[in-house]
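So the chains spell out like this:
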Amino acid sequence: MKYYLIVGEASGDLHASHLMSSLKKIDEKAEFRFFGGDMMSAVGGTRVKHYRELAYMGFVPVLLHLRTIFKNMALCKRDIIGWQPDAVILVDYPGFNLSIAKFVHANTSIPVYYYISPKIWAWKEYRIKNIKRDVDEMFSILPFEVPFYEKKHGYPIHYVGNPTADEVIEFLKNYNVSFEDFYANNSLMADRAIIALLPGSRRQEIKDNLPSMIEAAARYADKYQAVIAGAPGIPRDYYRQFTERHNVGIVYDKTYPLLLMSDVAIVTSGTATLETALIGTPQVVCYKTPIPKVIAFLRKHLLKVPYISLVNLILDREVVKELVADTFTVDNIAAELGRLLPGKPGRKRMLGDYVELNVHLANKKAPDNAARIMVELLNKR
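Residues numbered from 1 in each chain as written. Predicted model: local features only at pLDDT ≥ 70, side-chain atom pairs only at ≥ 80, totals over all residues. Heavy atoms only, no water.

1. A closer look at the sheet that holds strand E5 (residues 112–115)
Stated precisely, the cut-off is as follows: When DSSP finds two or more bridges between a pair of strands, those strands are recorded as paired. Strands are runs of DSSP state E lasting at least 2 residues, helices are runs of H or I lasting at least 4, and numbering of each runs from the N terminus.
Taken together, 7 strands build an open sheet; the order of strands is E3-E2-E1-E4-E5-E6-E7 and the sheet is parallel. Only two strands of the sheet have a single partner each, and these edge strands are strand E3 (46–50) and strand E7 (158–159). Of the strand pairs in this sheet, strand E1 (residues 2–6) and strand E4 (residues 87–91) are connected by 4 bridges, and their pairing is parallel. If you follow Ile 6 over to E4, its bridge partner there is Leu 90.

Printed below as a string of structure tokens:
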């Protein structure tokens, strides 16, 4: 069968590539065409556009690139019609993908499958109308999404497990590099433990979050070195403007090993918070916003959920400290770091909560489950 996939960022590329591999195991004749990235290309098929040509974040960047966004959207619609896939599979990236879903539903009989739900439970809940109208099947990777969709909105979905948990388990099972080799291979200081910095994957996120992360970590420079997890597509030169006055390391394509080797991490919100917890590294979650007092007010009164990190949302309590908007300060980040260092009571509590998180998510094989259900549904058609 023919599968058309659309992703808009690096994490989507990763998850979609694993889903494609799972589809190939079940459907030997699987063909792929996609808007995606290098990982999807490695699985096989035809890439129409790289996700880097789609990803614009924030009101101003989107406004400045509206012409390009509409051009890409039109190309995608024409390409789907021309190729006539057996299914369109959307991966997160709701601004673009829900528009594609609407077009496919209105103009074709091609089923639309959504793998990794948009976070409408946090904001823009009104999008449930579009999803119920335009998406044939939703494949959820977060357990708390089931009651949100099914009980609150009467929309049945498939919870298939969490692919991030699968990826972390696979990594931990196969990774066997020693601390000494990791340090040597990445030119790190042998006499300093590591504070990992994960400031996000987009330039604006990095610009907003990284300077304060570095300054907070620098308060422990007598025993620790800060090391950045470099994001795909972000050159070293971009990071250098923030690190040139500090002794900060950087590694690329080694986020999981970096977290495993670190005593503690400072992480922006997003999937990285879940990855950090599943690997077992205590963390501080932080995210800088403009006009922090206003954002804090809006968050309190408009955000539909009490937390922004997936760890806290899944366990439905504050496991990791979230320093956002008006609580995002260097002093707060540094203080929370101090609570999580080896021998501190906050560390033991957090690691205990991580065990519970693993019980919730482990051993579900999300891409295999999703692929199996998708192929079964298509065969019934």
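That shown, we press on.
2. What to know about the environment of Lys 344
Let me state the cut-off plainly: Exposure categories follow from relative accessible area, calculated using a 1.4 Å probe and restricted to protein chains: below 20% of the type maximum is buried, above 50% is exposed, and the middle band is partly exposed. Contacts: residue pairs with any heavy atoms within 4.5 Å of one another.
Tracing the backbone shows Lys 344 in the loop between helix H16 (330–340) and helix H17 (345–361). A relative accessible area of 41% means that Lys 344 is categorised as partly exposed. The contacts of Lys 344, once residues within four sequence positions are left out, are Gly 338 and Arg 339.

3. Considering helix H5 (residues 94–107)
What counts here: Each helix should span, by expectation, one fewer than its residue count multiplied by 1.5 Å.
Between the first and last C-alpha of H5 there are 19 Å, a value that for 14 residues agrees with the 20 Å anticipated at 1.5 Å per step. Within H5, burial applies to Pro 94, Phe 96, Asn 97, Leu 98, Ile 100, Ala 101 and Val 104.

4. As for the pattern of salt bridges
Applicable threshold: Basic side-chain nitrogens of Lys or Arg form a salt bridge, by our definition, when they fall within 4 Å of a carboxyl oxygen of Asp or Glu.
For the coordinates displayed, the defined rule picks out 16 salt bridges. Among the ionic pairs, Lys 152 bridges to Glu 125, the shortest N-O distance being 2.8 Å. Residue Lys 152 is located in helix H7 (residues 145–153), and its partner Glu 125 is located in the loop between E5 and helix H6 (128–134); the two are separated by 27 residues in the primary sequence. Judged by its relative accessible area of 52%, Lys 152 falls in the exposed class. Of the residues examined, Glu 125 reaches a relative accessible area of 11% and is grouped as buried. The shortest N-O distance in the salt bridge between Arg 339 and Glu 336 comes to 2.6 Å.

5. What to know about unusual backbone geometry
A positive phi angle is found at Ser 187, which is not glycine, with a value near 55 degrees. Relative to the assigned elements, Ser 187 resides in the loop between helix H9 (179–185) and strand E8 (193–198).

6. Here's the deal with the side chain of Gln 283
The cut-off we apply is this: Side-chain atoms alone can form a polar contact between residues adjacent in sequence; in general such a contact is a pair of N or O atoms within 3.5 Å, and within protein one must be able to donate a hydrogen while the other accepts it.
Structurally, the position occupied by Gln 283 is in strand E12 (residues 283–287). Overall, the relative accessible area of 0% leaves Gln 283 in the buried class. At 2.9 Å, the side chain of Gln 283 and the backbone oxygen of Thr 273 are in polar contact. When sequence neighbours within four positions are dropped, the list of residues in contact with Gln 283 reads Ala 265, Val 267, Thr 273, Thr 276, Ala 277, Val 311, Val 320, Leu 340, Met 350 and Tyr 354.

7. Quick word on the sheet that holds strand E13 (residues 322–324)
The criterion, for reference: Helix axes are fitted only over the stretch in contact, all axes being lines through C-alpha atoms; the angle between N-to-C directions runs from 0 to 180 degrees.
Strand order in the open sheet formed by 6 strands is E10-E9-E8-E11-E12-E13, with parallel pairing between adjacent strands. Here the strands that pair on one side only, and so sit at the sheet edges, are strand E10 (248–252) and E13. Here the strands of the sheet are splayed against their neighbours by 25 degrees on average, with no regard to which way each runs. Taken together, the 5 bridges between strand E9 (residues 224–230) and E10 define a ladder with parallel strand orientation. Pairing of Ala 226 across the sheet is with Val 248, part of E10. Sitting on the sheet, H16 is in contact with E8, strand E11 (264–267), E12 and E13, with an inclination near 165 degrees to E12.

8. Topic: the side chain of Ser 117
Inspection of the secondary structure puts Ser 117 in the loop between E5 and H6. Within polar-contact distance, the side chain of Ser 117 engages the side chain of Tyr 149 at 2.5 Å. Not counting the four nearest positions on each side in its chain, Ser 117 is found in contact with Asp 92, Met 138, Phe 139, Glu 145 and Tyr 149.

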